[in-house]
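Spelled out from the first residue to the last, the chains are:
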Amino acid sequence: MWCQRLVWLLQGQRGSTGHRWPWLSRGPGPVLAAPARCHPTAPASTQCAWQLHQDHLELSYGSTVMRLDFVWLRDHCRSASCYNTKTNQRSLDTASVDLAIRPQAVRVDETTLFLTWPDGHVTRYGLEWLARNSYEGQKQQVMHPRILWNAEIYRQAQVPSVDCRRFLETDEGLKEFLQNFLLYGIAFVENVTPTKEDTEILAKRISIIRETIYGRMWYFTSDFSRADTAYTKLALDRHTDTTYFQEPCGIQVFHCLKHEGTGGRTLLVDGFHAAEQVLRQAPEHFELLAKVPLKHEYVENVGGCHNHMIGVGPVLNVYPWNNELYLIRYNNYDRAVINTVPHDVVRRWYRAHRALTAELRRPDNELWVKLKPGKALFVDNWRVLHGREAFTGYRQLCGCYLTRDDVLNTARLLGLQA
């Protein structure tokens, strides 16, 4: 059940940035017979040994102790008959593997595990590959290295903007931009011609533009042309966008084309930094925010725009194998009626939400930026909350949403971890 309590263990440094994240504790599984004794199979420097159990192989390599199910080992065979290295796709029919399969012979040398199956097929695994790709190996790894920040940390980092021409015309400029974006969740491009068309060219450099109910490229003014507070001159509290989509938009682009007036600064807050503070101070609050599903809703009947969108998910979303936070869904404007939470949980959820909100509203977590013509801002909408102060006069922005998969794909092709 989603409302059952989880036991969070705060342990170990996570990732290169030195931030702690919770680990989901696992209870002991059934005790299985171990017909074979432990076999040291490599020099002491690699600390490699293995032990055969009833339904899995226990392999100790370096500091990683792996429990590898026999079906898993057969399914992931990388031989020519089981895996197509040209397409990087599995050829083996997983459903054809006997669920009671067991190797006839096991051998391990200094670098490789050899398994001989009942039909004579031989599977070979590099020990380094297994250490990286086993559940135990993945549990120790960070999917997305990040630098969590408040306003002072970000300012001291002096993260440079990337020049538009360098961004568009060189892989080095694009890679620098993407590295900044992946680490901090925000990145700037300078010297952009202040038009919607040039902003679109910029966006398409890293991704396919995601078409939504707002179109592809949108203009943003205070004309109340859409049923949204954003289309006014009022201040906007920190939030993430499109929480009412089943999959919120991953990245958004802002470019101020014109502002004849005062105010209107953009507010940016690292939601993951705030969530980490909640985790350290009250892990039970983090737990509730990561497990309780909520509805967010967008209802619009203005002019020719008629929409009713509903998205469902917890405020904090974590990978279940290592509990790394990957998405925050926070928008008090669009949160729908809370009717997915039972009575004995709802009050505790409000306390947890209040704790997170207090962190998000801490003044030292607020980074204020004045957007000007020629300076485009890219925001990770799964991580960084944005808002704005009230303004006067005529203010026009353009922008779009980008598909997250394509941005991360571009980063990986340039050799970045994403």
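Thresholds applied
- Residues numbered from 1 in each chain as written.
- Predicted model: local features only at pLDDT ≥ 70, side-chain atom pairs only at ≥ 80, totals over all residues.
- Heavy atoms only, no water.
- Core = buried A, V, L, I, M, F, W, Y, C linked by side-chain atoms within 4.5 Å.
- Buried < 20%, exposed > 50% of the residue type's maximum accessible area, 1.4 Å probe, protein only.
- Helix = DSSP H or I, 4+ residues; strand = E, 2+ residues; numbered from the N terminus.
- Contact = heavy atoms within 4.5 Å.
- Phe/Tyr/Trp six-rings, centres within 6.5 Å; stacked < 30°, edge-to-face > 60°.
- Pairing = 2+ DSSP bridges.
- Axes fitted to C-alpha atoms, helices over the stretch in contact; angles between N-to-C directions.

## Looking at the nonpolar core
Judged by nonpolar contacts, the single largest core of 28 residues is most densely connected at Phe177, Leu178, Ile206, Phe378 and Leu402. Secondary structure elements with two or more residues in this core: helix H5 (164-169), helix H6 (171-184), strand S13 (186-190), helix H7 (196-204), strand S17 (251-260), strand S24 (376-380), strand S26 (394-402) and helix H11 (404-413). The leading source of residues in this core is H6, at five residues. Filtering out sequence-adjacent residues up to four positions away, Ile206 remains in contact with Phe167, Leu174, Phe177, Leu178, Phe378, Leu402, Asp406, Val407 and Thr410. In this structure, Leu148, Phe286, Ala352 and Leu356 belong to the second largest nonpolar core, which totals 27 residues.

## Quick word on the packing of aromatic side chains
Any pair of aromatic rings gets described here by the distance separating the centres and the angle formed by the planes. This structure, assessed with the given rule, holds 18 aromatic pairs. Taken together, a centroid distance of 5.4 Å and an interplanar angle of 50° make the contact between Trp149 and Tyr154 tilted. When the centroid spacing of 6.3 Å and the interplanar angle of 45° are considered together, the rings of Phe167 and Phe378 count as tilted. Of the two residues, Phe167 is situated in helix H5 and Phe378 in strand S24; the sequence distance between them amounts to 211 residues. Each member of the pair Phe167 and Phe378 is classed as buried. One aromatic cluster in this structure is built from Phe167, Phe177, Phe181 and Phe378.

## A look at the sheet that holds strand S11 (residues 122-126)
Within the open sheet, the three strands sit side by side as S9-S10-S11. Their pairing is antiparallel. With partners counted over all chains shown, the strands left at the sheet margins are strand S9 (105-108) and S11, one partner each. Neighbour-to-neighbour, the strand axes of the sheet open up by a mean angle of 15°, direction not taken into account. Two elements, strand S10 (residues 112-116) and S11, share five bridges in a ladder whose sense is antiparallel. Bridging across to S11, Leu115 finds its partner in Thr123.

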